[in-house]
Amino acid sequence: MTQQIIREAPAPDPLEGQQTNSFFYVPAPNEPILNVNNIQGNILGGFNKDYQALLFLEIENPNAFKQWLKSQIDFIATASEVIAFNRLFKSARLRRGREGAVKATWVNIAFSFEGLKKLTNDADSFTDEAFKAGLAARATQLKDPVDKDNKPIGWVVGGPDNGKADVVFIIASDQRSDLLAEVSRILESIVLFTDEEGKLKSSGARITFLEEGANLPEPLSGHEHFGNLDGISQPGIRGRVGENPKDLLTPRQNPENKNQGKPGQDLLWPGEFVFGYEGQKADAKKLEDSKGQVVSAGLHWANDGSYLVFRRLRQDVYKFHHFLSEEAAKLNTDPRKVSAKLIGRWPSGAPTVRTPEKDAPSLGNDDTANNDFEFNGDDPPENSFFKNDVVPPSDDATGLRCPFIAHTRKTYPRNDKTPGGKVSGSEEIDIDRSEVTTQTHRLLRRGIPYGPVSPSTPNNPLKDEKFVDRGLHFLAYQTSIVDQFEFVTKFWANNPDFSEEAATGHEFEGKLTLGHDPIIGQSENNKPGGDRTRKFFVHLDDDQGESKTKELTAPEDWVIPTGGGYFFAPSISALKEVLTK
């Protein structure tokens, strides 16, 4: 029997009971009590299921829909339920050494701005301009490919030429049979909705799109289709899940730093992700003193809710692997090393900051180590270049181990110097201020792959005989789409000059070693026939140990947006007291 790889640190006991792991139970009496019985479960707890489906509806008859929605509220999973289950699941797996001891099926719901306008008269009070405009209307700003009328090209859900996506259901389960049973229950209830007397009624809804996603099979479990371990670097969240000051949402698992959960996982105030709680203070001088004001969506009933961004991202696996293979041949190295430099992590999840020249699966599988690094600062190099087995604290201000363009660095620059750290009236960059502002742009990611696994690998690129649609259902929660998802996309990933502040002083032949995010970054030329070429610098040792720095050119996109939407995931009380009245 193959031993299952467990890629996470131990979890708190399912119930407080006897406290056998005392470092989990660092009291935090000044952190807020989270209303976990009112917050939907996927936001803070995360479903973390192997199987997931997205079901999109158009509201055709608001009054009829409200009556149908009432019948579904009791099926909506709460954060309390999901967090309790996740603790039990991890505890049972740890003791038994395998999964399957317990299982659950979860359902959550979210609404577009247009959907909310059909259900309530005060939806215009939402303050996030991106949410109110919708993702399709913002496609041009995000540099998605668009036609001459600025309509996104090739979308299958959420676009102006697709069926309306007023509502999205997220259904997730440990087993596909249970997932399909719950999806069938919802679909049947829409088509054959009956009142309390058993009389057939209209649900007021029309099904516009349904698609499954799933964790990839071994050996790619936990990975995305390009072959890289995904979802590693999630923010820690301050807050308690009960009156006990030791019962924390994010366990404190780093004895060396009380402001982190796991080592390297900075703790953020919950208002960054759920309305009605304190968020980060953007003008704080240091991260540990960054408690800000209570974050509001503009309406009181939106408290305990969160914005949800959905992006359907198709991945062209062959083109990406072919690019890696071609560039590796030119650089006299392994294609997986080129991939690691573009991602910032090896396929195992091991960060290149800590192991720049070879993969280290034991590091990638260690949840207390694979995120334990920073960027600004330098460990001493060996023979003028950074070698492997770097112990924490690991840093890389030069961008030699993790290039400035690497996906993980572009989308989360940690303590890198950024424009947010500029000192007023001077050219100086305050590192602490850079990190403070960076933490105001974080996301709670809840994505899952869709589509079949590709036979292609970086070392053996294989083209599908016919078109195969595969990719990622990108899902992320936040309290500001403008300042979180869109900021990261527009000013970091798509910006070839980010972060000039970090790269200055580490030039190669007089050039800043910058460029687009090679994975999700998009070219300025997003109109039909536009040049989608992107360029970016990498650094690595070739197979003879010679250090090389080179600017690579990607002639086309490997990740293609094919749908999406901006949604709001309301609280249970908002569902009961506002959206069904």
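Structure report, in brief. It should be emphasised that the depicted structure is a prediction, and the values quoted were computed from it without experimental measurement.

Below, the discussion takes up the environment of Ala476. With respect to the secondary-structure elements, Ala476 resides in strand β12 (residues 471–478). Given the relative accessible area of 0%, Ala476 is considered buried. Sequence-wise, Ala476 and Asn42 are 434 residues apart; in three dimensions their C-alpha atoms are separated by 9.9 Å. With sequence-adjacent residues up to four places away left out, Ala476 is seen in contact with Tyr307, Leu308, Val309, Leu443, Leu444 and Arg445.

Once that is clear, we can look at the side chain of Thr513. By the element assignment, Thr513 lies in the loop between α13 (500–503) and β13 (534–541). Judged by relative accessible area, which is 0%, Thr513 ranks as buried. Excluding residues that lie within four positions of it along the chain, Thr513 makes contacts with Phe404, Ile405, His506, Phe508, Phe537, His539 and Thr549.

Further remarks concern unusual backbone geometry. Of note, the bond from Glu218 into Pro219 is cis; its omega dihedral lies within 30 degrees of zero at 5°. In this structure, Ser499 follows Phe498 across a cis peptide bond, with omega equal to -5°. Tracing the chain through its elements places Ser499 in the loop between α12 (485–493) and α13. Look at Asn332: it is not a glycine, yet its phi comes out positive at around 60°. Positionally, Asn332 belongs in the loop between α7 (317–331) and α8 (335–343).

Let us look at the packing of α7 against α8. α8 packs onto α7 with a crossing angle of 110° between their chain directions and a minimal axis gap of 8 Å. For the element pair α7 / α8, the angle class is roughly perpendicular. In contact with Phe320, Phe323, Leu324, Ser325, Glu327, Ala328 and Leu331 of α7, α8 contributes Pro335, Val338, Ser339 and Leu342. Taken together, the residues that form the contact of α7 with α8 break down as eight nonpolar, two polar and one charged.

Take the pattern of salt bridges next. In total, this model carries 37 salt bridges according to the counting rule given. A salt bridge links Lys148 to Asp149; the shortest N-O distance between them is 3.4 Å. A residue is classified by how much of its surface remains accessible, and Lys148, at 68% relative accessible area, is exposed. In this structure, the salt-bridge partner of Asp464 is Arg470, at a minimum N-O distance of 2.8 Å. You can call Arg470 buried: its relative accessible area is 3%. Here the salt bridges do not stand alone but share partners, grouping Glu31, Arg238 and Arg252 into one network.

What follows is about the packing of aromatic side chains. Across all of its chains, the model carries 27 aromatic pairs by this definition. With a centroid separation of 5.9 Å and an interplanar angle of 75°, the aromatic rings of Phe113 and Phe131 are classed as edge-to-face. On the criterion of sequence distance, the pair formed by Phe113 in helix α4 (residues 113–119) and Phe131 in helix α5 (residues 129–133) is long-range, its members being 18 residues apart. Summarising the burial analysis for this pair, Phe113 and Phe131 share the class buried. Relative to Trp558, the ring of Phe323 lies with its centre 4.8 Å away and its plane at 50°, an arrangement referred to as tilted. One end of the pair, Phe323, is in helix α7; the other, Trp558, is in the loop between β14 (547–554) and β15 (559–569), with 235 residues separating them in the sequence. Looking at Phe323, the relative accessible area reads 5%, which means it is buried.

Calculation notes
- Residues numbered from 1 in each chain as written.
- Predicted model: local features only at pLDDT ≥ 70, side-chain atom pairs only at ≥ 80, totals over all residues.
- Heavy atoms only, no water.
- Helix = DSSP H or I, 4+ residues; strand = E, 2+ residues; numbered from the N terminus.
- Buried < 20%, exposed > 50% of the residue type's maximum accessible area, 1.4 Å probe, protein only.
- Contact = heavy atoms within 4.5 Å.
- Axes fitted to C-alpha atoms, helices over the stretch in contact; angles between N-to-C directions.
- Parallel < 35°, antiparallel > 145°, perpendicular 65-115°, else oblique.
- Nonpolar A, V, L, I, M, F, W, Y, C, P; charged D, E, K, R; others polar.
- Salt bridge = Lys/Arg side-chain N within 4 Å of Asp/Glu carboxyl O.
- Phe/Tyr/Trp six-rings, centres within 6.5 Å; stacked < 30°, edge-to-face > 60°.

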